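Spelled out from the first residue to the last, the chains are:
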Number of protein chains: 2
Amino acid sequence: MSGLVLALAQVKSAVGDLEGNSSKIREYVQRASDAGADLVLFPELCLTGYPPEDLLLKTEFTRSSMAALAELASGIGDMIAVVGFAESDYDVFNSAAVICKGAVHCVYRKVFLPNYGVFDEMRYFGAGNRNLVLDVSGTRVGITICEDIWFPGGPMEEQVARGGAEIMLNLSASPFNRGKYDYRKKLISSRSMDGPVVLAYCNMVGAQDELVFDGGSCVYHPQMGFIAKAGRFREELLTCEVDLEQLKGNRLLEPRFRYSRAECPHAEVDVCRLEKPAASAGRRKVPVQLCPTDLSLTEEIFEALVSGLSEYVEKNGFKKVVLGLSGGIDSALTAAIAVEALGGDNVVCAFLPSRYTAGESGDAAVELAENLKVRIITMPIGGIFAAYAGELAGELGEKEEGVAFENIQARIRGNLLMALSNQFGWLVLATGNKSELSMGYCTLYGDMAGGFALIKDLLKTQVYEVAEYVNERAGRELIPRFIIDRPPTAELRAEQLDTDSLPPYDELDPVLEAYVEQGLGTQEIISRGFTPELVKRVIRTVDANEYKRRQAPVGVKITPRAFGRDWRMPISTRRR
Amino acid sequence: MSGLVLALAQVKSAVGDLEGNSSKIREYVQRASDAGADLVLFPELCLTGYPPEDLLLKTEFTRSSMAALAELASGIGDMIAVVGFAESDYDVFNSAAVICKGAVHCVYRKVFLPNYGVFDEMRYFGAGNRNLVLDVSGTRVGITICEDIWFPGGPMEEQVARGGAEIMLNLSASPFNRGKYDYRKKLISSRSMDGPVVLAYCNMVGAQDELVFDGGSCVYHPQMGFIAKAGRFREELLTCEVDLEQLKGNRLLEPRFRYSRAECPHAEVDVCRLEKPAASAGRRKVPVQLCPTDLSLTEEIFEALVSGLSEYVEKNGFKKVVLGLSGGIDSALTAAIAVEALGGDNVVCAFLPSRYTAGESGDAAVELAENLKVRIITMPIGGIFAAYAGELAGELGEKEEGVAFENIQARIRGNLLMALSNQFGWLVLATGNKSELSMGYCTLYGDMAGGFALIKDLLKTQVYEVAEYVNERAGRELIPRFIIDRPPTAELRAEQLDTDSLPPYDELDPVLEAYVEQGLGTQEIISRGFTPELVKRVIRTVDANEYKRRQAPVGVKITPRAFGRDWRMPISTRRR
């Protein structure tokens, strides 16, 4: 047969940890070898971690990346390993090194550099301007990196049409958002058909600050469809035997390119000749791996939250987290996910009631903590509040009403959580959701305080969806029904309800989604059937609260547009 | 004579305020006309404000910019106005419109898009790929936008060598940092000599969030040097009569370009023919304007802080600010600059002593407030602290020592300031400096609390320099000598000094400058003569405190690299 056995190393990597990432790569090269693979593919920038952000501006860092690559290469035998790294030359490049028998044989430089959304790749990288194919014992293999295959044509076209590539490798670090996995599968099949080529897509897993990488690596065959699929949100070595016989001479699989030499920006494609590892000849039959089922949108959000939190905690040297339980849905969901990510022993809850906290809020918080088997600390804030009110009476008067006094309560809670954090080294989880953060319905240094805002990118309606899923998954009401059913309230004054200050969430959230996530304007949203009053009120309020969001902790990106690196709005603006 | 009378409208503009900016432009067109100018030049993106950031991703916004331009053009008579705007076509462009007699006659699109430092222009704009010169009654005038002239060659070369431009206009919005003005002058003279062309450089003034625009617009003549120079940090209409006779046939002024058609990316240069305004023929002689003296580095920092604060306050709808006075240098300088920017009536100070506050700290705070003629509110924090300690005793013990209890004090102060803010609508100024923020020697939600961190980009040693200048400028010790001379202390425990936790500032600050501002690595800094222990300690500490900086308020960018849009470091990193 004509073909290769590929191994896709769907691994985590840690930003800046060249040594740890090198160990991980060596481990997976060995595993690929043991599995009888001819070639093992790693994710984009696997050696440096992704995204390294401004570390890439430090010459010392990019030079270290080069040294780490040389060191890594020297320990690799006859396995062919394709490894993402930051290449330091006359400029810095987002590159893939082809390593075999102790040496880097050739390097491919990413051509299409994303510079939108969370991506700033033109800030850091020069664009590649050469193309490359590997000739592995007669099989032609092309190499692309992430964005290179997100558009038709480009480097893949050149490698196929001029370099004769039959298999196309893609090294990716494609950040998760809800629904992107499905889109990516369509993209991969489209691009495979364009060739036609067998497309092997290796994506990162794990998380870095606000980004989660969801894996889902796969191999797509233009006739057979997905011939191998890895799981998601977990490390995995995906192996796949690629048979190219069927691809050849099939008249239904003509290249989709309309290609002429004159239009080709890089007329030459370098060919790098390598041989299959000697050991692979006598290998055992490689089993087909197909991830059993896909996840629902709610399931993948849940998995992303778990992954994002556990990685943040681990990478930043924490063991335990602490959060305030209010008896409401946001803190309940945050606690439940924290327990899933870290275990009940590593989650501490604090119930911090005021005079406005309903008795049933306390009951609910206690019941939740019992369900989750986590410790709950209770500290009433009334005494501290009285001390503030007393000190402020001279300036603010005796009435103890209004936003100043509401916020003091939230800030006392923030301070108590931070005191526990300072004393015991626990990470404080902020519990606010995206609807609140959009509308500024949250208190700076109060409920916004914390090192990680786990659910900051979930609209309130999505908070409910994921909470229901948590219960469904547990097979019981882990989050008490009362918490899900009660009307949302901040409990900062008597008989307060969120709807005193905000439109009902089922009206608010679709407008927020249109404005924040889809980037639509006032008239465009109104034309979708929302009332002008609602739309204008929401947009005005979102714009006016940018200063709060700018001081919010990071949290897991779940949507196409989170309040993080992909949201760069001015604070000062007089837009109408 | 051959030549033109130019007017450079060095104006403020407000991000998103299309209507207000249009009025400002109309006002300056009229003033230029009254001054007898033939052509009036405005800054880059003057119509939308700069930088509009993600507003540019909203189709509704860029379409409004187009509509505002058309509306603006319809009101303009025979004056030739060159106006920066966001152009919406098949892509969005950073463009200059040439307006005359009620119509937009032609448009130039910026070619070189900066995508480093604070700039993300490749996120928003397509690059221009056409060139243009104006023929104004026989005088050839080229147009470039900001970055276009920061490199040799490029669009300017084409307009001169192929389009015959004798005068080169440049529309800029070049953010201030210390020393950049001097660099810019050298750049302008270099580029003018390259032509040779008379280079008319119109820069924005005012401020937007963390950026200040310092003006300093000018006209440079390759033989005569600066023939007109505007002031800095203030609006101004700079007029200048450009005589081109001397430029012609001078053998010492050969073009520096080594230019051939084959190398030229845009072989064609469009020519747009216009006529001088009819009125300008009988005009009065235009006086030469030369800004009297340049500012020292310390003076320009002072001016930038004043400008940055007053614009932030005004653009965000505040009137008054409040800040905590500790009796230390940082809060003293912040207060003094706030008074300069807003007037003493609009600055409220709060003295918030604890048991660790020295009596002389209080005396110093009171003396400062008297010198500045500002109101001072005193609220001791001991009672509130006792309430916290009591509530936390069960978890943290009775000892009331350690970082948890130190931070509680800072956070009580933050909360009291925020309560005043919430009640009265005052903007809270955070008073921390860059040395503290670099080293994490500051308390989240405590001294870091506020809407604007005025001096966050000043190293401690620069804080002293500017404080001395404030006194020198006042001709008396506005900031009491005791405050300048005392050893820095946070006063969060007994006999605490900054040097308990930090290297002395005169050792620390040069390492911070090398690491943060110049982006050097460990070995590079050590090779400059610092001890390895110091350098490693500083870098480790800076890296570990990224999470704090991510939640800091915005403040005025003063250095080449501030902790703002130009600092994008990962929080999670295991770099060694």
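As the structure is a prediction and not an experimental result, all values here were calculated from the model. (Residues numbered from 1 in each chain as written. Chains lettered and ligands numbered in written order. Predicted model: local features only at pLDDT ≥ 70, side-chain atom pairs only at ≥ 80, totals over all residues.)

> Residues and numbers for the environment of Met448 of chain A, please.
Residues and elements named next belong to chain A. Structurally, Met448 is set in the loop between helix H11 (434-439) and strand E20 (452-453). According to the C-beta neighbour criterion, Met448 is buried, with 25 such atoms within 10 Å. Here Met448 is in contact with Ala430, Gly432, Cys442, Thr443, Lys548 and Ala552, once residues within four sequence places are set aside. (Helix = DSSP H or I, 4+ residues; strand = E, 2+ residues; numbered from the N terminus. Buried ≥ 20, exposed ≤ 12 C-beta atoms within 10 Å, placed from the backbone. Contact = placed C-beta atoms within 7 Å.)

> Report on the domain arrangement of chain A, specifying residues and quantitative values.
All names here are of chain A. Under the domain assignment used here, chain A contains domain 1 (3-249 + 266-282) and domain 2 (297-502 + 545-550). Taken over C-alpha atoms, the centre of domain 1 sits 41 Å from the centre of domain 2. Taken together, the contact between domain 1 and domain 2 spans 11 residues of the former and 10 residues of the latter. Going through the elements one at a time, strand E10 (205-208) and strand E11 (211-214) are the ones with two or more residues in the side of domain 1 that touches domain 2. Classifying every residue of the side of domain 1 that touches domain 2 by side-chain character gives six nonpolar, two polar and three charged. (Domains from an automatic or database assignment. Nonpolar A, V, L, I, M, F, W, Y, C, P; charged D, E, K, R; others polar.)

> Any chance you could break down the relation of the copies chain A and chain B for me, citing the residues and the numbers?
The transformation that overlays chain A on chain B combines an axial shift of 0.0 Å with a rotation of 180 degrees, and the residual RMSD is 0.0 Å. Given the turn and translation reported, the copies of this chain are related as if by a two-fold rotation axis. Distance from the rotation axis, computed per C-alpha, reaches its smallest value in chain A at Gln551 of chain A: 2.1 Å. Here 100% of the contact residues of chain A are again contact residues in chain B; the copies associate through an equivalent surface. (Least-squares fit on C-alpha atoms with pLDDT ≥ 70 in both.)

> Give me the sheet that holds strand E5 (residues 103-109) of chain B: which residues, what numbers.
Residues and elements named next belong to chain B. The sheet built from six strands is open, its strands ordered E5-E4-E3-E2-E1-E14 with mixed pairing. If you trace the sheet from one side to the other, it starts and ends with E5 and strand E14 (236-243), each paired once. When strand polarity is set aside, the average angle formed by the axes of neighbouring strands in this sheet is 30 degrees. Of the strands in this sheet, strand E3 (80-88), strand E4 (92-100) and E5 touch helix H2 (residues 59-74), which is tilted by about 160 degrees from E3. (Pairing = 2+ DSSP bridges. Axes fitted to C-alpha atoms, helices over the stretch in contact; angles between N-to-C directions.)

> Explain the interface of chain A and chain B to me, and be specific about the residues and the numbers.
The accessible area lost on association of the parts is a frequent measure of interface size. In this complex, chain A contributes 70 residues to the contact, which on the side of chain B involves 70 residues. If you list the elements that add at least two residues to the side of chain A that touches chain B, you get helix H2 (59-74), helix H3 (121-124), helix H6 (297-315), helix H9 (382-396), helix H10 (403-424), helix H16 (522-526) and helix H18 (546-550) of chain A. By residue number, the principal contributor to the side of chain A that touches chain B is H10 of chain A, which donates 13 residues. Residue composition of the side of chain A that touches chain B, grouped by class: 31 nonpolar, 22 polar and 17 charged.

> Which residues make up the sheet that holds strand E16 (residues 321-325) of chain A, and what values go with them?
All names here are of chain A. Strand order in the open sheet formed by five strands is E18-E17-E16-E19-E20, with parallel pairing between adjacent strands. Two strands bound the open sheet, and with one partner strand each, they are strand E18 (375-378) and E20. Inspection of the sheet shows strand E19 (residues 427-430) paired to E20 by two bridges, in the parallel sense. Across the sheet, the residue bridging to Leu429 is Phe452, located in E20. In the packing of H10 onto the sheet, the strands contacted are E16, strand E17 (347-351) and E19, and the crossing angle to E16 comes to about 160 degrees.

> Explain the nonpolar core to me, using residue names and the numbers behind them.
Counting residues in hydrophobic clusters, the biggest one holds 374 residues, and the most contacted among them are Leu6, Leu41 and Ala335 of chain A together with Leu6, Leu41 and Ala335 of chain B. Contacts of Leu41 of chain B, omitting those with residues within four sequence positions, involve Leu6, Leu8, Ala9, Val82, Leu169, Leu171, Ala200 and Cys202 of chain B. (Core = buried A, V, L, I, M, F, W, Y, C linked by C-beta atoms within 7 Å.)

> Report on helix H6 (residues 297-315) of chain B, specifying residues and quantitative values.
With 19 residues, H6 of chain B extends 27 Å from end C-alpha to end C-alpha; this agrees with the ideal 27 Å at 1.5 Å per step. Note on H6 of chain B: the residue one or two positions beyond its end, Gly317 of chain B, has a positive phi of about 75 degrees. (Expected span 1.5 Å × (residues − 1).)

> So what about the pairing of strand E1 (residues 3-10) of chain B? Which residues, and what values?
Each regular strand shows side chains that alternate between the opposite faces of the sheet. All names here are of chain B. Burial within E1 is extensive, with seven of its eight residues counted as buried. Relative to E14, E1 is paired through eight bridges, and the arrangement is antiparallel. The residue of E14 that forms the bridge with Leu4 is Val242. What joins E1 to strand E2 (residues 39-41) is helix H1 (residues 18-34), and the crossover it makes is right-handed. (Right-handed = clockwise from strand over helix to strand, strands pointing away.)

> Break down the environment of Met204 of chain A for me, citing the residues and quoting the values.
Residues and elements named next belong to chain A. Relative to the helices and strands, Met204 is located in the loop between strand E9 (198-203) and E10. Taking the number of C-beta atoms within 10 Å as the measure of exposure, Met204 has 32 and is therefore buried. Setting aside its immediate chain neighbours within four residues, Met204 contacts Ser13, Pro43, Glu44, Tyr50, Ser172, Ala173 and Phe213.

> Got a sec to walk through helix H15 (residues 505-517) of chain A? Specific residues and values, please.
All names here are of chain A. Those residues of H15 lying buried are Leu508, Asp509, Val511, Leu512, Glu513, Ala514, Tyr515 and Val516. Residues of H15 that are buried in the fold lie against H11, helix H12 (460-474), H16 and helix H17 (532-544). In the stretch just after H15, Gly519 is the one whose phi turns positive, near 70 degrees.

> Which residues make up the pairing of strand E17 (residues 347-351) of chain B, and what are the values?
Residues and elements named next belong to chain B. The element E17 is largely enclosed, with a buried count of five among its five residues. The side-chain alternation of E17 yields two buried faces, one formed by Val347, Cys349 and Phe351 and the other by Val348 and Ala350. Sheet topology note: the strand E16 (residues 321-325)/E17 ladder contains five bridges and is parallel. Following the sheet pairing, Gly324 is matched in E17 by Ala350. Each parallel crossover has a hand, and the one from E16 via helix H7 (residues 329-342) to E17 is right-handed. Here E17 pairs with strand E18 (residues 375-378) via four bridges, running parallel. Among the inter-strand pairings, Ala350 is bridged to a residue of E18, identified as Ile377.

> Summarise the packing of H7 of chain B against helix H12 (residues 460-474) of chain B; cite the residues concerned and give the values.
Residues and elements named next belong to chain B. At a minimum axis separation of 10 Å, H7 and H12 run at an interaxial angle of 45 degrees. Judged by the inter-axis angle, H7 sits oblique to H12. Considering the relative orientation of H7 and H12, their crossing is left-handed. Facing H7, whose interface residues are Ile329, Asp330, Ala332, Leu333 and Ala336, H12 presents Val463, Tyr464, Val466, Ala467 and Val470. (Parallel < 35°, antiparallel > 145°, perpendicular 65-115°, else oblique. Left-handed = near helix turned anticlockwise from the far one by under 90°.)

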